Amino acid sequence: MVLGSLGSKLTQSLQKFNSRTVIDDEAIDGYLKELATALLEADVNVRFVSGLRSRIRDKMRLEEALASGTNRRKYIQRLVVEELTQLLTPTRAPVKMTKGRAMVAMFVGLQGSGKTTTCTKYASFYQRKGWKVALVCADTFRAGAFDQLKQNATKVRIPFYGSYTETDPVAVALEGVNAFRLEKYDLIIVDTSGRHKQEVALFEEMQQVEEAIKPDNIIFVMDSHIGQACYDQAKAFADAVKIGSVIVTKLDGHAKGGGALSAVAATDSPIIFIGTGEHFDEFELFNAQSFVSRLCGLGDISGLVSKINEAMPLDKQPELLDRMAQGCFTLRDMYEQLQYVTKMGSLQTLMSMIPGVNTEMFPQGYEKTGIQRIKRFMIMMDLRRIFRVAKGSGTNPYAVVELLHEHRRFETMVVKMGKAGLMKDTGDMANLNRNPKQVLAKLQNCMDPVMLQQMGGAQNMLNLMKGMDAANVPSEDEGAEEAEEGAPEGGAPKGKLRKKRSKK
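On a predicted model such as this, the values are computed, not experimentally measured, just so you know. In this numbering scheme, every chain counts its residues from 1 along its sequence in written order. Under the rules for a predicted model, residues below a pLDDT of 70 receive no local features and side-chain atom pairs below 80 are neither given nor counted, while totals for whole chains, interfaces and linings still include all residues. Based on all heavy atoms of the structure, the side-chain values leave hydrogens and waters out of the count.

Some words on the sheet that holds strand β2 (residues 133-137)
- In space, the eight strands of this open sheet follow the order β3-β2-β4-β1-β5-β6-β7-β8, with mixed pairing throughout. Two strands bound the open sheet, and with one partner strand each, they are β3 (160-161) and β8 (283-285).
- The sheet contact formed by strand β1 (residues 103-109) and strand β5 (residues 217-223) spans five bridges and is parallel. Residue pairing across strands places Val108 opposite Phe220, the latter belonging to β5.
- Packed on one face of the sheet, helix α9 (residues 230-240) meets β1 and β5 and runs near 165° to β5. We call two strands paired when DSSP finds no fewer than two bridges between them. Strands are runs of DSSP state E lasting at least two residues, helices are runs of H or I lasting at least four, and both sets are numbered from the N terminus onward. The contact rule is simple, with two residues in contact once any of their heavy atoms fall within 4.5 Å. Convention adopted: a line fitted to C-alpha atoms gives each axis, helices being fitted over their contacting stretch, and angles between N-to-C directions are expressed from 0 to 180 degrees.

Structure representation (structure tokens):
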């Protein structure tokens, strides 16, 4: 998990606080002390931590003075999430990316912060959304910079521009940007040399590149490994050029990541992405509310619903739900579901989005093993008989039997849930808030006990279903926005789908 050490400490301290029978001033002070300790150990600036504690105390006193009968447990939890979210939310909004015109993004940052790899991840993200993307290597200072960018761009099949002979980065950047502008590219990404605040000449060079190509967005790549030391560097870059956005890299479990996140305040620019690994798909859109909620172990239902909608075509969802409601679940259905699972990204990230699920309970390396197992199942399902399947997929016949067993186990659960009315918009699911005990009893009877325990128990599953049901109901503002944006790629607009469901 991102910032695994900080996340586990925040989750444990919150669970300990919620388990207290009486929430008095002593319990609140103890929780705030544990919260502050966890943030300081994650290298968050002491000034931010001190301010956060004092603001929570002040708001708690004000609320209790204004309204009697306040639920202190829920209110203190909400205050902590709000304050941490505010810490990661600057006053400036991110630069709006517009498809259809040649937008230029210029990447800047320290040496070794992962700029070239991040450029490729950023380009790949927009390429998957249907943008026409290109890369320009304006790093003429580091040996092998152009070779690295060329290899990365070739892997993700993105056009690139660079030069082995030209030593002037301004000339290379200008030539590359002009060439791709003539070819009507939607997004042109310029990778520049890494530089330190004490290297005055390199900072002047960065300003010259900015003046020449006139970028729409300057993205500062921040290395989380250096923690609070990043504050001074970020401020120096912000003073030299107009930084529009920030990407924080190497956040996969490092102890000093909290310091880098709090150092974003030096640029007064929003974090738009975070890097969670070396692979090109280990790149997440950053949402402060969602990030803090997952960090505190409270999950992210709206993010989970969004992931599911992105991976699974919207036009196929009603059809599949109807089939499952009738207790019909074939091997082909299972194959399609496994395909969608592999498209949804990191399993650990998905599990962290479910409230109440502790990702630390899963054994180390389970994610890699699980993905390999899913892919092995998919290969086997392309064939028929057990021995022919085992021979053709290069596996043991027992593995084929295991696949069939897993399918039967899941099919049994789907049939039970379909007959119990848990897969329909009518019956118990329509009155989820009225008959929670009845739905809870049916869940316990239908689901495999081991699977139910891994999902945090029947009560947690019920809360997850309520949260997903609430997340699927758009507000008036969201409905208006969706109507303006129109249909996403590969399906109908979400608003239209929800209207169809309500008619049923």
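After presenting the structure, the write-up continues.
A closer look at the packing of helix α18 (residues 397-419) against helix α19 (residues 436-446)
- α19 packs onto α18 with a crossing angle of 155° between their chain directions and a minimal axis gap of 9 Å. Classified by the interaxial angle, the pair formed by α18 and α19 is roughly antiparallel. Here α18 and α19 pass one another in a crossing that is right-handed. Taken together, the residues of α19 that come into contact with α18 (itself represented by Met413, Lys416 and Met417) are Leu443, Asn445 and Cys446.
- Gly is put with the polar residues, along with every residue not named as nonpolar or charged; the nonpolar set is Ala, Val, Leu, Ile, Met, Phe, Trp, Tyr, Cys and Pro, and the charged set is Asp, Glu, Lys and Arg. Among the residues forming the contact of α18 with α19, the class breakdown is four nonpolar, one polar and one charged. For classification purposes, an angle smaller than 35 degrees is called roughly parallel, one larger than 145 roughly antiparallel, one from 65 to 115 roughly perpendicular, and anything else oblique. Crossing handedness is read from the near helix: turned anticlockwise from the far helix by less than a right angle, it gives a left-handed crossing, and turned clockwise, a right-handed one.

Comments concerning the pairing of strand β6 (residues 245-249)
- Counted residue by residue, β6 has five buried out of five residues, so it is predominantly covered.
- On β6, burial covers both faces: Ser245, Ile247 and Thr249 on one face and Val246 and Val248 on the other are all buried.
- Taken together, the five bridges between β5 and β6 define a ladder with parallel strand orientation. Paired with Val221 across the bridge in β6 is Ile247. Relative accessible area decides the class of each residue, using a 1.4 Å probe on protein chains only: under 20% of the type maximum gives buried, over 50% gives exposed, and in between gives partly exposed.

Here we look at the pairing of β1
- A large share of β1 lies buried, amounting to seven of its seven residues.
- Burial along β1 is two-sided: Met103, Ala105, Phe107 and Gly109 facing one way and Val104, Met106 and Val108 facing the other are all buried.

Brief notes about the side chain of Asp186
- Within the secondary structure, Asp186 sits in the loop between α7 (169-182) and β4 (187-191).
- For this count, His and the chain ends are skipped, Lys and Arg are scored as positive, and Asp and Glu as negative. Basic side-chain nitrogens of Lys or Arg form a salt bridge, by our definition, when they fall within 4 Å of a carboxyl oxygen of Asp or Glu. It is Lys99 that comes nearest to the buried, bridge-free Asp186 among opposite-charge side chains, at 5.0 Å.
- Any pair of N or O atoms that falls within 3.5 Å is considered a polar contact. Within protein, one atom must be able to donate a hydrogen and the other to accept it, and sequence-neighbouring residues count only if both atoms are side-chain atoms. A polar side-chain atom of Asp186 sits 3.4 Å from the main-chain amide nitrogen of Gly100.
- Not counting chain neighbours up to four residues away, the residues in contact with Asp186 comprise Lys99, Gly100, Arg101, Ala102, Met103, Trp131 and Lys132.

So, helix α6 (residues 145-156)
- With 12 residues, α6 extends 17 Å between its outermost C-alpha atoms, agreeing within 8% with the 16 Å of an ideal straight helix rising 1.5 Å per residue.
- Of the positions making up α6, those classed as buried are Ala145, Phe146, Leu149, Asn152, Ala153 and Val156. Buried residues along α6 cover an arc of 130° about the axis, so they all sit on one side. Residues of α6 that are exposed and point over 90 degrees away from its buried face: Gln151, Thr154 and Lys155.
- Buried residues belonging to α6 abut α5 (115-128), β2, β3 and β4.
- Immediately beyond the C-terminal end of α6, within one or two residues, lies Arg157, with a positive phi of roughly 60°. Given the number of residues in a helix, its expected span is that number minus one, multiplied by 1.5 Å. Taking the helix axis as origin, the arc is that swept by the directions to the C-beta atoms.

Some thoughts on the environment of Gln459
- Position of Gln459 among the secondary structure elements: in helix α21 (residues 458-471).
- By relative accessible area, which is 42% here, Gln459 ends up partly exposed.

What about the pattern of salt bridges?
- Evaluated as defined, the whole model comprises 11 salt bridges.
- We note a salt bridge from Lys9 to Glu41, for which the minimum N-O separation is 2.3 Å. Of this pair, Lys9 sits in helix α1 (residues 4-18) while Glu41 sits in helix α2 (residues 25-41), and the two are 32 residues apart along the sequence.
- Judged by relative accessible area, which is 31%, Lys9 ranks as partly exposed.
- On the basis of relative accessible area, Glu41 is assigned to the partly exposed category, the value being 46%.
- With a shortest N-O distance of 3.1 Å, Glu82 and Arg78 are connected by a salt bridge. Residue Glu82 and its partner Arg78 are both found in helix α4 (residues 72-87); the two are separated by four residues, about one turn of the helix.
- According to the relative accessible area criterion, Glu82 is partly exposed, its value standing at 34%.
- Here the residues in one salt-bridge network are Arg55, Lys59 and Glu83, joined through shared partners.

Observations regarding the packing of aromatic side chains
- Ring geometry is summarised as follows: Phe, Tyr and Trp rings, the Trp one being its six-membered ring, pair when their centres sit within 6.5 Å, and such pairs are stacked at plane angles under 30 degrees, edge-to-face over 60 and tilted between the two. This model, assessed by the stated rule, comprises 14 aromatic pairs.
- By way of ring pairs, the aromatic residues Phe107, Tyr122, Phe125, Tyr126, Trp131, Phe273 and Phe283 are connected into one cluster.
- If you follow Lys132 out to its NZ or CZ, it ends over the ring of Tyr185, 4.6 Å from the centre.
- In our convention, an over-ring charge means Lys NZ or Arg CZ found within 6 Å of a ring centre and within 35 degrees of that ring's normal. For the cation-ring pair, Lys150 lies above Phe146, with the distance from its terminal atom to the ring centre recorded as 5.6 Å.

Thoughts on the nonpolar core
- Among buried residues, the Ala, Val, Leu, Ile, Met, Phe, Trp, Tyr and Cys ones that are joined through side-chain atoms within 4.5 Å form a nonpolar core. One finds Met222 and Val248 to be the most contacted residues of the largest nonpolar core, which totals 71 residues.
- Broken down by element, this core gets its largest block of residues, eight residues, from α2.
- Among all residues touching Met222, those that are not within four sequence positions of it are Cys230, Ala234, Val246, Ile247, Val248, Thr249, Ala260, Ala263 and Val264.
- Within the second largest apolar cluster, 28 residues are counted, among which are Met103, Phe107, Tyr122 and Ile272.

What to know about the state of the cysteines
- The term disulfide is used for any two cysteine sulfur atoms that are within 2.5 Å. What the rule picks out here adds up to zero disulfides.
- Between Cys119, a cysteine without a disulfide, and Cys137, which holds the nearest cysteine sulfur, the sulfur-to-sulfur distance is 8.9 Å.
- Judged by relative accessible area, Cys119 falls into the buried class, the value being 0%.
- Of the residues examined, Cys137 reaches a relative accessible area of 3% and is grouped as buried.

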